Amino acid sequence: MPTATSTRSPSQPVLKTPSQIHRARVWFRSHLILLVGIVVLGYMFLPVFVVVALSFNEPKSRLTYTFDKFTFNNWLHPCQVGDMCTAVGTSLKIGILATIGATLIGTLMAFAIVRHRFRGRAVTNLLVFLPMASPEVVMGSSLLTLFVAAKFPLGFWTILIAHIMFCISFVVVTVKARLAGLDPRLEQAAMDLYADEWQTFRRITLPLVMPGIVSAALLAFSLSFDDFIVTNFNSGSTVTFPMFVWGAAQRGIPPQVNVIGTAMFLFALTLVLISQLLGARRRRRLG
Amino acid sequence: MAQAESVGGDLQLVHLTKMFATFTAVDDLNLVIPKGSFFALLGPSGCGKTTTLRMVAGLEEPTSGQIMIGEKDISFERPYRRPVNTVFQSYALFPHLDIFENVAFGLRRRKVKEVKSQVEAILSLVELDGFARRMPAQLSGGQQQRVALARALINKPEVLLLDEPLGALDLKLRRQMQIELKRIQVEVGITFVHVTHDQEEAMTMADTIAVMNGGKVEQMGSPTELYENPRTTFVANFLGQSNLISGKVFERSDDLGVELYGNRIRVPRSRTSSNSDSLWVGVRPEKINITLADRPIPAANVIPGVVTDASYIGVSTQYLVKTAWSEELMVFEQNLLNSGARPGDSVNLSWDPAHTFALDANQDVDAGVEVPEADS
């Protein structure tokens, strides 16, 4: 309709004509998904924004959760609070070791499950999901029972063993998905072109599965770094960062916790951005 | 890792057998493929041709039998120790390596010097100069196909295996690549073993074709030999189309006299592959003359019939003619000699005795009749 253009002259009546109502409806319908999307994203990111904001907060007392005064002090002196930085160090150490252990074992398991036909393969395939499906409280307490029964001293090593255990399943599932999409003919072609088994693995299989292994490792690290329940059961006197936060929350969370949280968030964001950029560059090369 | 020392010689398959859990894919296969020839293994899917190829490549282990190149037994050699390279059906180009590195892969594994000049030379042979730094996904199907070919050829194998190499290309490109492949084979002089289910592709390129069915070779020979003188109903039906009519021998002299439901015709002895008195008498549809009943008959072997269908398809007109015993025979008439036959007309079908062949009647008359392939 010629009258239904977006340029509105002052002489146009304020009263909405049926066509205007219709247009509003069409607009609403076509933008509904966008609106819902914005609401959902806001819902997801609100806690992150709160953490970022509170990292610049200078609270009046330890018990306030309100934003009182802006300061860079928390960022300049993150280790001011008691043993927080020790706890962060412990978490990082466990996270890195658990990532290495779980990625190694999980990747090997994924290869075995996808590439080899052995007795009990289907059962293994199913059981791999069990640690993912069972409640953490159950796993944590049963591990504790085991460690105590075996007279294994609780601490750094029991946490590490527990973390590797629950990370393996996630690694297996992630690497398996990547490996299943790998055409076995590529490896046959490599063998046909004079590459022995090791060269085939090194030149063809590993580079092509690498993206899956990297994302599995990242997932394992984040699972390990923020685990509380299983860790709490098996930590003895060792304190990880999530346990420190939990303990501190009883007395009022120091704002430096938010600094660590924000720093972790920024670190993760940087990683994601880098991988996206690399991916985009690769896609451009691949056409 | 060095390529097996040049052994040179024919590729020989001796009593080669491959059994899987439930069936025998390749059944006591004996073949000699002369050095430097373009050889095609032709057959429907499941006939064992790909399994044969994979055993030669070393990707499948024979259950029994031998694979020899010249004097050297390679039956159980690891794939990377065989002087054999493969062009895979879906090309299997390495997606994370560029064209140069894909083609150089075999040379690098064998630590060959002067990689760059060799890669450039082979890329120019397959007319892909200037594509060295592209990634496989940036190339069209035909270009990828040529990279796969270059990647295999650069290693100068004794035998090049091609597993349905043109299956993924569209018809026009396939025709073009058929000519290209033939040109390259002549140029490099390497033995090509080409597996296909497309009879036209096999006939266009190969010097020798082995028609496979049920794990065995039905017949082997040049394209002309197979087409003109098939020895089994399977070959008669799988390569082109054939009219097969049941007949009884009534006379044996310089040639055979055979009676087809009361019509007496002659068949040359050289084109009869059975000593039995019961035969399938065959003639190709394009060899038959179709003439209206009241016109002179141009050839000696004659069968009368009634036209039931005529379809004009440009280069020829295809007729279905019903005989007195209700068999429908197929006739292709070039659109040059116009008989003017229409459905319902009484006609005489006639052909030269030299164009007749005879097969043992103890065979399924419909063996090898083309069924649409599920996997192509």
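From a predicted model like this one, the values you see are computed outputs, not experimental measurements.

Asks: How should the domain arrangement of chain A be read in this particular structure?
Replies: Where the parts come together, the accessible area they lose is often given as the size of the interface. Assigned domains within chain A: domain 1 (20-46) and domain 2 (83-254). Domain 1 of chain A and domain 2 of chain A are separated by 40 Å when their C-alpha centres are compared.

Asks: I'm lost on the nonpolar core in this one. Help?
Replies: Core analysis: the biggest nonpolar cluster contains 67 residues, and Leu 11 and Phe 94 of chain B have the highest contact counts within it. Ranked by residues supplied to this core, first place goes to helix α7 (residues 156-180) of chain A with 12 residues. In this structure, Leu 128, Phe 131, Leu 149 and Ala 152 of chain B belong to the second largest nonpolar core, which totals 48 residues.

Asks: It is not clear to me how the pairing of strand β8 (residues 191-196) of chain B should be interpreted in this structure. Could you clarify?
Replies: If a strand is regular, its side chains alternate between the two faces of the sheet. All names here are of chain B. Most of β8 sits out of view: six of its six residues are buried. By the alternation rule, side chains of β8 split into Thr 191, Val 193 and Val 195 and Phe 192, His 194 and Thr 196, which are all buried. Bridge count between strand β3 (residues 38-42) and β8: five bridges; the pairing is parallel. Within β8, the position partnered with Phe 39 by the bridge is Val 193. As paired elements, strand β7 (residues 159-163) and β8 share five bridges and run parallel to each other. Residue Val 159 lies in a different strand from β8, and its bridge partner there is Thr 191.

Asks: Just to check I follow, could you spell out the interface of chain A and chain B for this structure?
Replies: Taken together, the contact pairs 22 residues of chain A with 32 residues of chain B. Between chain A and chain B, a total of about 2500 Å² is buried, with carbon and sulfur atoms accounting for 60% of that surface. Taken together, the links from chain A to chain B amount to one salt bridge. Across the pair Arg 78 of chain B and Glu 197 of chain A runs a salt bridge, and its minimum N-O distance is 2.5 Å. Taken together, the links from chain A to chain B amount to nine residue pairs in polar contact (both at pLDDT 80 or more). Mapped onto the side of chain A that touches chain B, the elements with two or more residues apiece are α8 (184-192), α9 (197-225) and α12 (256-286) of chain A.

Asks: What am I meant to see in helix α4 (residues 141-153) of chain B here?
Replies: Side chains of residues three or four places apart in an α-helix project in the same direction, reflecting 3.6 residues per turn. All names here are of chain B. The end-to-end C-alpha separation of α4 is 18 Å, in line with the 18 Å expected for 13 residues at 1.5 Å each. Burial analysis of α4 places 12 of its 13 residues in the buried class, the great majority of the element. Looking only at α4, the buried set comprises Gly 142, Gln 143, Gln 144, Gln 145, Arg 146, Val 147, Ala 148, Leu 149, Ala 150, Arg 151, Ala 152 and Leu 153.

Asks: Would you take a moment to explain the packing of helix α3 (residues 84-115) of chain A against α7 of chain A for this structure?
Replies: Any two packed helices are characterised by the angle at which their axes cross and by the distance between the axes. All names here are of chain A. Their axes nearest at 6 Å, the elements α3 and α7 cross at an angle of 40°. The angle between α3 and α7 places the two elements in the oblique class. Every pair of crossing elements has a handedness; the one defined by α3 and α7 is right-handed. Grouping the amino acids of the contact of α3 with α7 by side-chain chemistry returns 21 nonpolar, six polar and three charged.

What counts and what doesn't
Residues numbered from 1 in each chain as written. Chains lettered and ligands numbered in written order. Predicted model: local features only at pLDDT ≥ 70, side-chain atom pairs only at ≥ 80, totals over all residues. Heavy atoms only, no water. Domains from an automatic or database assignment. Core = buried A, V, L, I, M, F, W, Y, C linked by side-chain atoms within 4.5 Å. Buried < 20%, exposed > 50% of the residue type's maximum accessible area, 1.4 Å probe, protein only. Helix = DSSP H or I, 4+ residues; strand = E, 2+ residues; numbered from the N terminus. Pairing = 2+ DSSP bridges. Contact = heavy atoms within 4.5 Å. Buried area = accessible area lost by both parts, 1.4 Å probe. Salt bridge = Lys/Arg side-chain N within 4 Å of Asp/Glu carboxyl O. Polar contact = N/O pair within 3.5 Å; in protein donor to acceptor, adjacent residues only side chain to side chain. Expected span 1.5 Å × (residues − 1). Axes fitted to C-alpha atoms, helices over the stretch in contact; angles between N-to-C directions. Parallel < 35°, antiparallel > 145°, perpendicular 65-115°, else oblique. Left-handed = near helix turned anticlockwise from the far one by under 90°. Nonpolar A, V, L, I, M, F, W, Y, C, P; charged D, E, K, R; others polar.

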